[in-house]
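Results of the structural survey
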Amino acid sequence: MSAVDKSGRVADRSVVRVLGWTPGSRLDVRERGGLIVVRQVDDAVYRVDARGHLHLPLAVRRWCRLAAGDRLLLAAHPGDGVLVAYPLAVLDRLLAVPHAGGDAA
């Protein structure tokens, strides 16, 4: 879990390191179904900053309705070179589905 600051920076750099991304690595950042999917792509516009932070573009933050201080579950898939960020609103929906209309056991 990591928070997003007011400029869209994701505070946790460990996931960037796990993926082998270094400062200057070019990243494709997209919203897909409320999730944020990030891949390293040579001709991408966005980059890992000089301190190794990932920045989420304003358009993506707006599509996902993220505000400063909101938390994300970060899931790295090193073999595929992909980072998926799950906003808490999406996690709430995902976790509620199996329990909807069911009795507690």
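Throughout what follows, the structure given in this document is the object of discussion. All figures in this text were calculated on a predicted structure; none of them were measured in a lab.

**Here's the deal with the pattern of salt bridges**
All told, the structure shown has 2 salt bridges when counted by the stated rule. Across the salt bridge formed by Arg-9 and Asp-5, the nearest N and O atoms sit 3.1 Å from each other. By relative accessible area, which is 25% here, Arg-9 ends up partly exposed. Judged by its relative accessible area of 23%, Asp-5 falls in the partly exposed class. In this structure, Arg-30 engages Asp-28 in a salt bridge whose closest nitrogen and oxygen atoms are separated by 2.8 Å. The class for Arg-30 is partly exposed, based on a relative accessible area of 43%.

Cut-off values and rules
- Residues numbered from 1 in each chain as written.
- Predicted model: local features only at pLDDT ≥ 70, side-chain atom pairs only at ≥ 80, totals over all residues.
- Heavy atoms only, no water.
- Salt bridge = Lys/Arg side-chain N within 4 Å of Asp/Glu carboxyl O.
- Buried < 20%, exposed > 50% of the residue type's maximum accessible area, 1.4 Å probe, protein only.

Treat this as a map of the structure, not an account of what it does.
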